[in-house]
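Observations on the model geometry
Spelled out, the chains give:
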Amino acid sequence: MKKAKDGTVGYSSPSGGWGSVRGMARIARTEGSDPAAFRTLARQNKPGGFMCVSCAWTKPAHPHPFEFCENGAKATLWEATRRRCTPDFFARHSVAELQRWSDHDLEEAGRLTHPMRFDEASGHYVPCSWEEACAAIGAELRALEPKSTVFYTSGRASLETSYAWALFARLYGHNNLPDSSNMCHETTSVALSKTIGSPIGTSVLDDFNHCDAIFFFGQNTGTNSPRFLHTLAEASKRGCRIVTFNPLREKGLLEFRNPQSTEMVTGGKTEISSDYHQVKAGGDIAAILGLCKHVLAEDDRRLAADGKHVLDWDFLEQHTHGFREFVAKVRGTGWEEIERESGLARADLESAAQIYVDSERTIGIYGMGLTQHVRGFENVASVVNLLLLKGNIGRQGTGVSPVRGHSNVQGQRTVGIAEKTKLVPLDRLAEQFGFDPPREDGVNTVEACEGILDGSIKAFLSLGGNFVRAIPETRRMEEAWQRMRLTVNIATRLNRSHLINGRVAYLLPCLGRSEEDIQASGPQVVTMEDSLSCIHGSIGKRKPPSPDLRSELAIVAGIAKATLEPNPNVPWDAWVGDYAKVRDAIEATYPDMFVDFNDRLFTPGGFYRGNSARERIWKTESGKAEFTVPDVLNATGYADESGRWRLITLRSNDQFNTTIYGYSDRLRGIEGTRQVLLMNPEEMRRAGLSEGQRVTLVSDAGDGVAREVDGLAVTPYRLPDGCVAGYYPELNPLIPLAHHDHASKTPAAKSVPVRIRI
Ligand SMILES: Nc1nc2c(c(=O)[nH]1)N[C@H]1C(S)=C(S)[C@@H](COP(=O)(O)OP(=O)(O)OC[C@H]3O[C@@H](n4cnc5c(=O)[nH]c(N)nc54)[C@H](O)[C@@H]3O)O[C@H]1N2
Ligand SMILES: Nc1nc2c(c(=O)[nH]1)N[C@H]1C(S)=C(S)[C@@H](COP(=O)(O)OP(=O)(O)OC[C@H]3O[C@@H](n4cnc5c(=O)[nH]c(N)nc54)[C@H](O)[C@@H]3O)O[C@H]1N2
Ligand SMILES: [Mo]
């Protein structure tokens, strides 16, 4: 562990810099990376190359010579590993034995090389042919009621595969299409649709060249979207104020040393946040209300002093709805309550708000720190409230900008992976493919889990991901999972979800995005949509790790053909032979967004799919942008009680979601272990805890279910009072399934009520 002067754990260097180079080198060693793996890296995020498999941050029109970051490089080297998880491996290790392995060790077995079937008699996965796998899965699906099955997607699969997967579900007869965004930015999709009439962010990359303030809530850029640090560093150098709200002092948000510039040699670094506020977990509604309170007070003052407004009155009158009710709420809320609920002092909130008052063009950015709360909806709506006051949506240099997670998570929703039928042009699909699509909404992540617990869901097919590990309520879910009839996983590397299997289970290995995908018409291109709504083509060039792999699209088509009656309008084989034909189908379904799709694949910087809210066209109930009056100031969904803590579950700098690359959370100074409980030293003292002491965390949901995780080493860390933190997914057994955002059902992983047992 690395210590600061006050005895708390931390990291003294800026993010980026030599530490990030060493981080990449370590992964290259563990994965046995060869020179070809490094050539692959040079093609990352370049026109004619492949799009990074890590985060969704946008790919600029003029890429840097190495347009990748420490974590993008780790993700690529991880995909390009020389390790192989072969049929021999499965012959040596039974499923029961592998269940006891750590997440890290499972994935370290390497790339899956062969389709495998679970053999109930021996308890081992055994090799099978693709034909056998597809035929058996098809036969199982035909015997099941379609609505008792779920087709999950993790946010990595291409637009082509995602479109085919969603179409397959609907041809088969259900809309049970949860995806990883149900655990992530579903809060955004619901809250932005309600408030600005569009489920996605409104800023584009160029806006970052024009803004003079950025308000930044609950997103850990240094770890989760490091290429975005270049954009932030440039904005900061231009004099843009970056005002951050985060319970942790995250290194990447404080300062950055660009590993691709002379800063490496000169030791220079760029300050990222100009102002940093350690808000309480769940304290953002209160903090933002406080900001708005000061803005209104300044408006009053200026009006009296020189007859001018701080607020954008023209915009408010012409474009918004609910302003007066919102103002009444803000004026009626006292500073004492705001200070208590946010954990921030009035003077600090006022000085932050003054930056907003003085700014001409502001962008509001956020991540999981806002979405993963019981009142996540109100968190996101509060950012919109703040921006609306000064007309900061739909104007150059402004906007609301959710930072998305997986590299194509936003795009999957765009092309039909949605359990909510109102988001899908079902009539057009009906006409295009000559069938009657199911009209009933399907299940989201939480509802799928409920169905598995009550036995109504009998089959679960996963297009990527590690669902069982990513969801809340690990223990009860793992138990219920094994009662399902059928589980199918399309994957690149082994993970825990593959080992918590149904009675009939298949493990189907696929190509990764950096790998060459040759079909009947030659090498194939796939596409994805980034966090700023730009669509990019991607071509893999690397030799696949095994001749027995298939592309994701080929696997989906293979299962679909074995399940469905033939339909001349859905030419599965022709689609697999030439992905351009799938893109033609996408264009036919979504003609506005995908006009001339095949001709625009390699537009520098991607092509923009458009967003009505950016044009100030509000597709909301009132036809205007909506203010939201929050009915609570505390986003956690529960009251404070003595001995109850707000647990934040975090990602380290050495993981991609459930993929644990290693045990070095360099940017937080936490080394060698993930079994930690971070806590403020003052609170440790009050609770009588000492550094390194092992404690058990117990869930405090009050629903009578026992949930606990033991063996956590107490670690001094600068956190606000009442908050503790530890790692995802190790702490997921503590999250009750019912603990989710009330509007979108996104699990509330950032404010889990817990007690500490010594
Ligand atoms: N290397 C790497 N990159 C990734 C991922 C990865 O695991 N590893 N995951 C990808 C995915 S799927 C996603 S969704 C994104 C996730 O990226 P982020 O949105 O950054 O998600 P988290 O890492 O969960 O961290 C959220 C931040 O919110 C802060 N926070 C917690 N509670 C609160 C609160 O109440 N208020 C405020 N203001 N802040 C709070 C935490 O301290 C933390 O800094 O990253 C993507 N990129
Ligand atoms: N407590 C807590 N829980 C959380 C979160 C949190 O912050 N806290 N975050 C939530 C969020 S934001 C998300 S997005 C989910 C993540 O949930 P998922 O998206 O389900 O999980 P991942 O860990 O990203 O999935 C990793 C697996 O994907 C497979 N894979 C990798 N590349 C490919 C590929 O190219 N194709 C295919 N088919 N498979 C591939 C590999 O087998 C790998 O093991 O977790 C959620 N859970
Ligand atoms: Mo995510």
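Our structure's up above, just so we're on the same page.
None of these values were measured; they are calculated from a predicted model. (Residues numbered from 1 in each chain as written. Chains lettered and ligands numbered in written order. Predicted model: local features only at pLDDT ≥ 70, side-chain atom pairs only at ≥ 80, totals over all residues. Heavy atoms only, no water.)

Side note on the overall build of the protein
Check the secondary structure of the protein and you find 30 helices and 33 strands. Relative to the globule expectation of 27 Å for 758 residues, the C-alpha radius of gyration of the protein, 25 Å, shows essentially globular dimensions. C-alpha atoms of the protein, sized along the principal axes, occupy 80 × 60 × 55 Å. A buried classification covers 66% of the 758 residues belonging to the protein. For the protein, restricting intrachain contacts to residue pairs at least 6 apart in sequence, the fraction spanning at least 24 positions comes to 78%. On the protein, roughly 25,800 Å² of surface is accessible, and the fraction owed to carbon and sulfur atoms is 50%. Each charge sign in the protein was given a centre, from 89 positive and 94 negative side chains, and these centres are 4 Å apart. (Helix = DSSP H or I, 4+ residues; strand = E, 2+ residues; numbered from the N terminus. Rg over C-alpha atoms; globule rule 2.2 N^0.38 Å. Buried < 20%, exposed > 50% of the residue type's maximum accessible area, 1.4 Å probe, protein only. Contact = heavy atoms within 4.5 Å. Areas by Shrake-Rupley, 256 points an atom, 1.4 Å probe, with all protein chains shown as cover. Lys, Arg positive; Asp, Glu negative; His and termini not counted. Charge placed at Lys NZ, Arg CZ, Asp CG, Glu CD.)

Re helix α9 (residues 186-196)
Counting buried positions over the 11 residues of α9 gives 9, a clear majority of the element. Among the residues of α9, E186, T187, T188, S189, V190, A191, L192, T195 and I196 are the ones counted as buried. Where α9 is buried, its residues meet β13 (362-366), α19 (368-371), α20 (376-389), β14 (399-402), α21 (409-414) and β23 (625-626).

Considering the packing of aromatic side chains
Applying the stated criterion across every chain yields a total of 31 aromatic pairs. Here F151 and Y172 contribute two aromatic rings whose centre-to-centre distance is 6.1 Å and whose plane-to-plane angle is 10°, an arrangement assigned as stacked. Placement of F151 in strand β6 (residues 149-153) and of Y172 in helix α8 (residues 159-172) is noted, with a sequence separation of 21 residues between them. Site record: aromatic cluster; members linked through ring pairs are F89, F90, W101, F118 and Y125. The ring of F607 has R600 sitting right over it, with the charged end atom 3.9 Å from the ring centre. (Phe/Tyr/Trp six-rings, centres within 6.5 Å; stacked < 30°, edge-to-face > 60°. Lys NZ or Arg CZ within 6 Å of the ring centre and 35° of its normal.)

Side note on the site of ligand 2
Taken together, the neighbourhood of ligand 2 is formed by 33 residues, with Y152, R493, E552, T658 and N732 sitting nearest. G465 is positioned with one of its backbone polar atoms (N or O) 3.1 Å from an oxygen atom of ligand 2. Within the backbone of A470, an N or O atom sits 2.7 Å from a nitrogen atom of ligand 2. Starting from 930 Å² of accessible surface for ligand 2 in isolation, the protein chains cover 97%. (Near = heavy atom within 4 Å. Polar contact = N/O pair within 3.5 Å; in protein donor to acceptor, adjacent residues only side chain to side chain.)

Side note on the pattern of salt bridges
Counted by the stated rule, this structure contains 51 salt bridges. D275 serves as the salt-bridge partner of R241, at 3.3 Å between the closest nitrogen and oxygen. With R241 in strand β8 (residues 241-245) and D275 in strand β11 (residues 275-277), the pair connects residues that are 34 residues apart, well separated along the chain. Overall, the relative accessible area of 36% leaves R241 in the partly exposed class. For D275, a relative accessible area of 14% gives the class buried. As a salt-bridge pair, R375 and E378 come within 2.8 Å of each other at their nearest N and O atoms. The two residues R375 and E378 agree in class, both being buried. (Salt bridge = Lys/Arg side-chain N within 4 Å of Asp/Glu carboxyl O.)

With respect to the site of ligand 1
Residues in contact with ligand 1 amount to 31 residues; listed here are only the nearest, N220, E250, D284, Q655 and N657. The contact in question runs from an oxygen atom of ligand 1 to an N or O atom on the backbone of N220, over 2.7 Å. Take H373: an N or O atom from its side chain is 2.8 Å from an oxygen atom of ligand 1. In isolation ligand 1 offers 910 Å² of accessible surface; the protein chains occlude 99% of this area. Of all the secondary structure elements, the ones that give two or more residues to the shell around ligand 1 are α10 (221-224), α19, β24 (645-650) and β25 (655-656). Tallied by class, the residues present in the shell around ligand 1 amount to 11 nonpolar, 15 polar and 5 charged. In this structure, the shell around ligand 1 is formed jointly by two domains, domain 3 (188-405) and domain 4 (645-757), each of which donates at least three residues. (Nonpolar A, V, L, I, M, F, W, Y, C, P; charged D, E, K, R; others polar. Domains from an automatic or database assignment.)

Things to note about the environment of S102
By the element assignment, S102 lies in the loop between α5 (95-98) and α6 (103-108). Of the polar contacts made by the side chain of S102, one reaches the backbone nitrogen of D105; its length is 3.1 Å.

A word on the sheet that holds β11
Ordered by their spatial adjacency, 5 strands build an open sheet running β11-β8-β7-β13-β14, and the pairing between neighbours is parallel. Edge positions in the open sheet fall to β11 and β14, since each of these has one partner strand only. Averaged over all adjacent pairs, the angle separating strand axes in this sheet is 15°, with direction ignored. Its contacts with the sheet put α9 on β13 and β14, and the angle it makes with β14 is roughly 165°. In the packing of α20 onto the sheet, contacts are made with β7 (213-217), β13 and β14, and the angle to β13 comes to roughly 175°. (Pairing = 2+ DSSP bridges. Axes fitted to C-alpha atoms, helices over the stretch in contact; angles between N-to-C directions.)

Things to note about the sheet that holds strand β10 (residues 270-271)
Read from one edge to the other, the open sheet built from 3 strands follows the order β1-β9-β10, with strand pairing classed as mixed. Where the open sheet ends on each side, the last strands, each with one partner, are β1 (15-16) and β10. Strand direction decides the pairing type here: strand β9 (residues 255-257) and β10, joined by 2 bridges, are antiparallel. Of the residues in β10, the one forming a bridge with E255 is E271.

So, the environment of R651
As for its position among the elements, R651 is in the loop between β24 and β25. Overall, the relative accessible area of 18% leaves R651 in the buried class. Sequence-wise, R651 and P747 are 96 residues apart; in three dimensions their C-alpha atoms are separated by 15 Å. Residues within four places of R651 in sequence aside, it is in contact with N224, M368, N657, R668, Y727, Y728 and K750. Among the polar contacts listed, one links the side chain of R651 to the side chain of N657, at a separation of 2.9 Å.

Examining the nonpolar core
Y163, W165, F168, L508 and F594 are the most contacted members of the largest nonpolar core, which has 65 residues in total. Per-element accounting of this core gives the leading share, 9 residues, to α8. When sequence neighbours within four positions are dropped, the list of residues in contact with F168 reads L141, F151, V556, I559, A560, T563, L564 and W572. Core analysis: the next-biggest nonpolar cluster, separate from the first, contains 53 residues, V243, L311, L349 and V400 among them. (Core = buried A, V, L, I, M, F, W, Y, C linked by side-chain atoms within 4.5 Å.)

Looking at helix α3 (residues 70-79)
α3 sits mainly inside the fold: 10 of its 10 residues count as buried. All of the buried residues in α3 are E70, N71, G72, A73, K74, A75, T76, L77, W78 and E79. If you follow the buried residues of α3, they end up packed against α1 (17-30), α2 (35-42), α6, β3 (111-112), α10 and β26 (659-660).

With respect to the pairing of strand β20 (residues 526-529)
Side chains V526 and M528 of β20 all project onto a buried face; the interleaved residues T527 and E529 project onto the opposite face, where all are buried too. The turn joining β20 and strand β21 (residues 534-538), which pair antiparallel and follow one another in sequence, is formed by 4 residues; a positive phi near 65° is taken by S533.

With respect to the environment of L159
Inspection of the secondary structure puts L159 in helix α8. Residue L159 is classed as buried on the basis of its relative accessible area, which comes to 0%. Through-space distance from the C-alpha of L159 to that of A96 is 36 Å; in sequence the pair is 63 residues apart.

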